[in-house]
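# Survey of secondary and tertiary structure
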Amino acid sequence: MIQTVIFDMDGVIVDTEPVHHYAYNQHFKQLNIDISPEMYASFTGNSTKNIFERLKAQFNLPHEVNALVETKRNLFNDAFDSKEDLYLLEGVEDLIKDLHSNGMQLVLASSSATVTINRIFNRFGLHKYFTHIVSGEDFPKSKPHPAIFLKAAELAETPLEHCIVIEDSTNGIMAAKAAGIYCVGYDSFHSKMQDYDLADMVISDFSELSYEKIRVLG
């Protein structure tokens, strides 16, 4: 019986990818580096810190990683605050409310920084539904490393076999499976170049999930 649902955020709860894409590309122009679409797609599910560690090594950037992260975060925040057409993904709020009203524990495990998560949760009033928030910035390794999901289950005080993860990225799905947790892959219109082969179940619309369907998974 499933007791805890662990949600990813970007691409699952809200599509902030266009805002991230804008912020990253503004920063790449400033740094005068060229990132291919394939390389950019491989960043999905990684923390900003891990991405810039990788870019610093690959492009011999002279900047400190923390400074690079701060610049990108400021670009993101400015774009996020000015973007009015930002909505929760279709059907996810209904699913969150359905799960919460039936006593299912909800935990967020996102590669985004805590400040970014709080910005989104405050904007859409999501804090009341989630018992814990876990940010990828608190771990030395990003997804596909399983640490973030293992920590989410630990905080939820739920055995791994009684958890599920909802993820939209290759790296996130790999992390969930490496943690030994049942994974629902969300293959949406917004997903780009992601692999869902390892997911235990794949959906394309949140109407395919409900408390009654989720509680018996695993």
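Here goes a summary of the coordinates provided. (Residues numbered from 1 in each chain as written. Predicted model: local features only at pLDDT ≥ 70, side-chain atom pairs only at ≥ 80, totals over all residues. Heavy atoms only, no water.)

## Looking at the overall build of the protein chain
For the record, the criterion: Helix and strand assignments follow DSSP, with helices taken as H or I runs no shorter than four residues and strands as E runs no shorter than two, numbered in order from the N terminus. As defined in this context, the radius of gyration uses C-alpha atoms, and a globule is described by 2.2 Å times the residue total to the power 0.38. Any residue under 20% of the maximum accessible area for its type is buried, any over 50% is exposed, and the rest in between are partly exposed; the area is computed with a 1.4 Å probe on protein chains only.
The secondary structure content of the protein chain amounts to nine helices and six strands. Against the compact-globule benchmark of 17 Å for 218 residues, the protein chain has a radius of gyration of 17 Å, which places it among compact chains. With the C-alpha coordinates of the protein chain rotated into their principal frame, the extents come out at 50 × 35 × 30 Å. The proportion of buried residues among the 218 residues of the protein chain is 53%.

## Some details on the sheet that holds strand E4 (residues 163-167)
Whether parallel or antiparallel, the strands of a sheet pair through hydrogen bonds between backbone atoms. Counted only if it meets this: For two strands to pair, DSSP has to find at least two bridges joining them. Orientation is described by axes fitted as lines to C-alpha atoms, over the contacting stretch for helices, and by angles from 0 to 180 degrees between their N-to-C directions. Two residues qualify as a contact provided that any one of their heavy atoms is within 4.5 Å of a heavy atom in the partner residue.
Read from one edge to the other, the open sheet built from six strands follows the order E3-E2-E1-E4-E5-E6, with strand pairing classed as parallel. The open sheet is flanked by strand E3 (132-135) and strand E6 (201-203), the only strands paired with a single partner. For this sheet, the mean angle separating the axes of adjacent strands, direction not counted, is 20°. Of the strands in this sheet, strand E2 (105-110) and E3 touch helix H6 (residues 114-124), which is tilted by about 140° from E3. In this fold helix H8 (residues 170-178) packs onto E4 and strand E5 (182-186), with an angle of close to 170° to the strand it touches most, E5.

## Digging into the packing of aromatic side chains
This is how it is decided: Under the pairing criterion, centres of Phe, Tyr and Trp rings, with the six-membered ring standing for Trp, must be within 6.5 Å; the plane angle then separates stacked pairs below 30 degrees from edge-to-face pairs above 60, leaving the rest tilted.
Applying the stated rule across the entire model yields eight aromatic pairs. Residues Phe7 and Phe130 carry aromatic rings whose centres are separated by 5.9 Å and whose planes lie at 70° to one another, so their mutual orientation is edge-to-face. Taken together, the positions of Phe7 in strand E1 (residues 4-7) and Phe130 in the loop between H6 and E3 put the pair 123 residues apart, joining distant regions of the chain. Classification of Phe7 by relative accessible area gives buried; the value is 0%.

## Examining the environment of Phe52
With respect to the element layout, Phe52 can be found in helix H3 (residues 48-59). Sequence-distant contacts of Phe52, that is, excluding residues within four places in its chain, are made with Tyr24, His27, Leu31, Val65, Leu68, Val69 and Lys72.

## Overview of helix H4 (residues 65-82)
Quick reminder of the rule: What a helix is expected to span follows from its residue count: subtract one and scale by 1.5 Å.
Under the 1.5 Å per step criterion, the end-to-end length of H4 is 26 Å for 18 residues, consistent within 8% with the ideal 26 Å. Here H4 has its buried residues at Val65, Leu68, Val69, Lys72, Leu75, Phe76, Asn77, Ala79 and Phe80.

## A few points about the pairing of E5
Within E5, five of the five residues are buried, which leaves the element mostly enclosed by the surrounding structure. Burial along E5 is two-sided: Tyr182, Val184 and Tyr186 and Cys183 and Gly185, pointing in opposite directions, are all buried. Sheet topology places E4 next to E5; four bridges connect them, and they run parallel. Bridge pairing in E5 places Glu167 opposite Gly185.

## As for the pattern of salt bridges
Note the cut-off: By definition, a salt bridge exists where a carboxyl oxygen of Asp or Glu is found within 4 Å of a side-chain nitrogen of Lys or Arg.
Per the stated rule, a full pass over the model turns up ten salt bridges. Across the pair Lys151 and Glu154 runs a salt bridge whose closest N-O atoms are separated by 3.6 Å. Of this pair, Lys151 and Glu154 both sit in helix H7 (residues 147-156), three residues apart, which is roughly one turn of the helix. Among the residues examined, Lys151 registers a relative accessible area of 31% and is labelled partly exposed. Here Asp200 and Lys177 are joined by a salt bridge, their closest N and O atoms 2.7 Å apart. Linking Asp200 in the loop between E5 and E6 with Lys177 in helix H8, this pair joins segments that are 23 residues apart in sequence. For Asp200, a relative accessible area of 38% corresponds to the partly exposed category. A relative accessible area of 29% places Lys177 in the partly exposed class.

## Section: unusual backbone geometry
In most cases, non-glycine residues show a negative phi, while peptide bonds are predominantly trans. Of note, the amide linkage connecting Lys143 to Pro144 takes the cis form, showing an omega dihedral of 20°. Here Pro144 is to be found in the loop between E3 and H7. Not every positive phi belongs to a glycine, and Asn32 is a case in point at roughly 60°. Tracing the backbone through its elements, the reader meets Asn32 in the loop between helix H1 (17-31) and helix H2 (37-42).

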